[in-house]
Amino acid sequence: MSNRKGQHQIEATPDKRGKQKSKGNLQEIAHDLSERVKELNCMYGISRLFEKNGLSIEDILRGVVKLIPPAWQYPDITCARIKIDSEEFNTVNYHETPWCQSQSIIVNGRHCGTLEICYLVEKPASDEGPFLKEERNLIRVIAERLGNIIEHVTAEENLRKMYAREQELHKKLQLEMQSRVDLTRKLIHELKTPLTALLASSQMLFEETKNKKLGKLAIHVWNGANNLNNRIEELNDVVKGELGKLKLALIKMDIASLLRSLVEEAGALAQHYGITIDLKSEQDLPEIEADPDRIRQIVFNLINNACKYAREGKKIIIMAVRYNDFIRIEVKDYGPGISKARQRTLFEPGYHTVDAESTAGGLGIGLALCKMLVELHGGKIWVESKLGHGSSFFFTLAVNHLS
């Protein structure tokens, strides 16, 4: 019996050791899980800080540095410091010790700081001094996360600053535009007041005079005043167009009839410049919905320019054709032409179509106004020109503008 009992005791000893080993493994697993939970809590806390609205980079870094010690193996003796450029963010117990690990913080591909973690007292050696390999992975992940956060928050702050700057500039621009509009209105008023009297007086003078020489002088005065009045009206229209207050009075109209009447009206002007106007209109052009006064203004402006720049003895050709859902009108001259560089700014206010050696003048707003009026009709305007070979100005009008 005694032998059996002893044998039983000898056989039971390995089993007991196995249980003790299993218990130790479970404790080790539980410890490892606890460490991983601490790491996850740290990363979750960093994410929560980043997600809070209104926090600056400094606020986030102060919060992160407090979250780090509890994630390390010995939180009670762990301290941390984040250095970003010339700024530092420390735990209250931070001071440098021999037991330290660090990781660079990279922002937009540039080293901009360091994350440092120290133990305040010596601990047994592990994977990296007293630190675990998991803690090396964690400090690297935290540093990468900080770099991404700094990039994101900096970008947002820059966008906010740019937006605020843009708003400030927009307000200044609006004030400057309003100041320009007010000045233009005052200028128009100041010019129109004496001009109205001048127009009326020159008309009365022409009607009353019996002297042919004085009659011609009166006509010249009236023509000059009338031209000036037209330029002022153009200036007023351009200002309205820039403010979005230029309106159309759309009706059904026959574009071919309007062009014929314009050619007749421009006959005296063409004769003055020693040129002829040739109208080539496609048969059976459809009616369009447009503002006839504004279309007349566009075409006459183009004819007037063509007369100024066409060579004496040449002709101006006006063509109107159906082009898909549009009517395309062309005013062609045989003048000096316009360079490619000048064509790019041709329809901007204040620009002159002529070369430097040309003597033709003007306010340089006629083509800008034409562009505004054409676009209000839903069409486009452009120029095709080659130096020494004249210019062709085209614009389109939608056949069914209102629909």
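For the structure itself, look to the data block above.
Anyway, here's the lowdown on the structure attached to this text. (Residues numbered from 1 in each chain as written. Predicted model: local features only at pLDDT ≥ 70, side-chain atom pairs only at ≥ 80, totals over all residues. Heavy atoms only, no water.)

Focus on the overall build of the protein
Each helix and strand counted, the protein has nine helices and eleven strands in total. Counting every position in the protein, which comprises 403 residues, the buried fraction comes to 36%. Contacts in the protein between residues far apart in sequence, at least 24 positions, make up 67% of those at least 6 positions apart. For the protein, the computed accessible surface area is about 24500 Å², with 53% contributed by carbon and sulfur atoms. (Helix = DSSP H or I, 4+ residues; strand = E, 2+ residues; numbered from the N terminus. Buried < 20%, exposed > 50% of the residue type's maximum accessible area, 1.4 Å probe, protein only. Contact = heavy atoms within 4.5 Å. Areas by Shrake-Rupley, 256 points an atom, 1.4 Å probe, with all protein chains shown as cover.)

Digging into a nonpolar patch on the surface
On the surface, Leu26, Ile29 and Leu33 cluster together to form a nonpolar patch covering roughly 310 Å² of accessible area. By secondary structure assignment, the location of Ile29 is in helix H1 (residues 2-51). (Patch = residues over 30% accessible without salt bridge, like charges linked within 9 Å, V, L, I, M, F, W, Y side chains within 5 Å. Salt bridge = Lys/Arg side-chain N within 4 Å of Asp/Glu carboxyl O.)

Details of the side chain of Asp333
Tracing the sequence through the fold places Asp333 in strand E9 (residues 326-333). Engagement of the side chain of Asp333 in a polar contact is seen with the backbone nitrogen of Gly335, the distance being 2.8 Å. Among all residues touching Asp333, those that are not within four sequence positions of it are Ala306, Ala310, Lys315, Gly390 and Ser391. (Polar contact = N/O pair within 3.5 Å; in protein donor to acceptor, adjacent residues only side chain to side chain.)

Regarding the sheet that holds strand E10 (residues 381-385)
Strand order in the open sheet formed by five strands is E6-E8-E9-E11-E10, with mixed pairing between adjacent strands. Either end of the sheet is taken by a strand with one partner, and the two such strands are strand E6 (276-281) and E10. Across the sheet, the mean angle separating the axes of adjacent strands is 15 degrees when strand polarity is ignored. Of the strand pairs in this sheet, E6 and strand E8 (residues 315-323) are connected by six bridges, and their pairing is parallel. What sits directly across from Ile277, in E8, is Ile316. Along the sheet face, helix H7 (residues 292-309) touches E6, E8, E9 and strand E11 (391-398) and points at about 175 degrees away from the line of E11. (Pairing = 2+ DSSP bridges. Axes fitted to C-alpha atoms, helices over the stretch in contact; angles between N-to-C directions.)

Brief notes about the packing of helix H4 (residues 212-242) against helix H9 (residues 366-376)
Between H4 and H9, the shortest axis-to-axis distance is 10 Å and the interhelical angle comes to 45 degrees. One finds that H4 runs oblique with respect to H9. As for how H4 packs across H9, the hand of that crossing is left-handed. Facing Glu234, Asp237, Val238, Gly241 and Glu242 of H4, the residues of H9 in contact are Gly366, Leu369 and Met372. Residue classes in the contact of H4 with H9 are distributed as three nonpolar, two polar and three charged. (Parallel < 35°, antiparallel > 145°, perpendicular 65-115°, else oblique. Left-handed = near helix turned anticlockwise from the far one by under 90°. Nonpolar A, V, L, I, M, F, W, Y, C, P; charged D, E, K, R; others polar.)

What about the packing of aromatic side chains?
Enumeration over the complete set of coordinates arrives at four aromatic pairs. A ring pair is formed by Tyr74 and Tyr119, whose centres lie 5.4 Å apart and whose planes are at 75 degrees; its orientation type is edge-to-face. Placement of the pair is Tyr74 in the loop between helix H2 (57-67) and strand E1 (78-84) and Tyr119 in strand E4 (residues 110-119), with a sequence separation of 45 residues. Ring geometry for Phe347 and Phe393: centres 6.3 Å apart, planes at 80 degrees, overall edge-to-face. Linking Phe347 in the loop between helix H8 (340-343) and H9 with Phe393 in strand E11, this pair joins segments that are 46 residues apart in sequence. Overall, Phe347 belongs to the buried group, its relative accessible area being 13%. Connected via pairs of aromatic rings, a cluster forms that spans Tyr74, Tyr119 and Phe131. A cation over an aromatic ring shows up here: Arg328 above the ring of Tyr323, its NZ or CZ 5.3 Å from the ring centre. (Phe/Tyr/Trp six-rings, centres within 6.5 Å; stacked < 30°, edge-to-face > 60°. Lys NZ or Arg CZ within 6 Å of the ring centre and 35° of its normal.)

Regarding the packing of helix H5 (residues 255-265) against H7
To describe two helices that pack against each other, one gives the angle between their axes and the distance between the axes. Following both chains from N to C, one finds H5 and H7 inclined at 50 degrees, their axes separated by 11 Å at the closest point. Taken together, the axes of H5 and H7 lie oblique to each other. At the point where H5 passes H7, the crossing takes the right-handed sense. The segment H5 lies against H7, with Ile255, Leu258, Leu259, Ser261, Leu262 and Glu265 engaging Pro292, Ile295, Arg296, Val299 and Phe300. In terms of residue class, the contact of H5 with H7 is built from eight nonpolar, one polar and two charged.

Notes on the nonpolar core
Core analysis: the largest hydrophobic core is formed by 45 residues, its most contacted members being Ile255, Ile295, Ile316 and Phe395. Among the secondary structure elements, those contributing two or more residues to this core are H5, strand E7 (288-290), H7, E8, E9, H9, E10 and E11. Here the element with the most residues in this core is H7; it accounts for seven residues. Setting aside chain neighbours within four positions, we find Ile316 in contact with Ile275, Thr276, Ile277, Asp278, Ile303, Ala306, Cys307, Ala310, Val331 and Lys332. (Core = buried A, V, L, I, M, F, W, Y, C linked by side-chain atoms within 4.5 Å.)

So, the pattern of salt bridges
Evaluated as defined, the whole model comprises 15 salt bridges. We note a salt bridge from Lys252 to Glu289, for which the minimum N-O separation is 4.0 Å. Remark: Glu289 occurs in strand E7 and Lys252 occurs in strand E5 (residues 251-253); sequence separation between them is 37 residues. Given a relative accessible area of 15%, Glu289 falls into the buried group. It is possible to trace a salt-bridge network through shared partners that takes in Arg81, Lys83, Glu88, Glu96 and Glu116.

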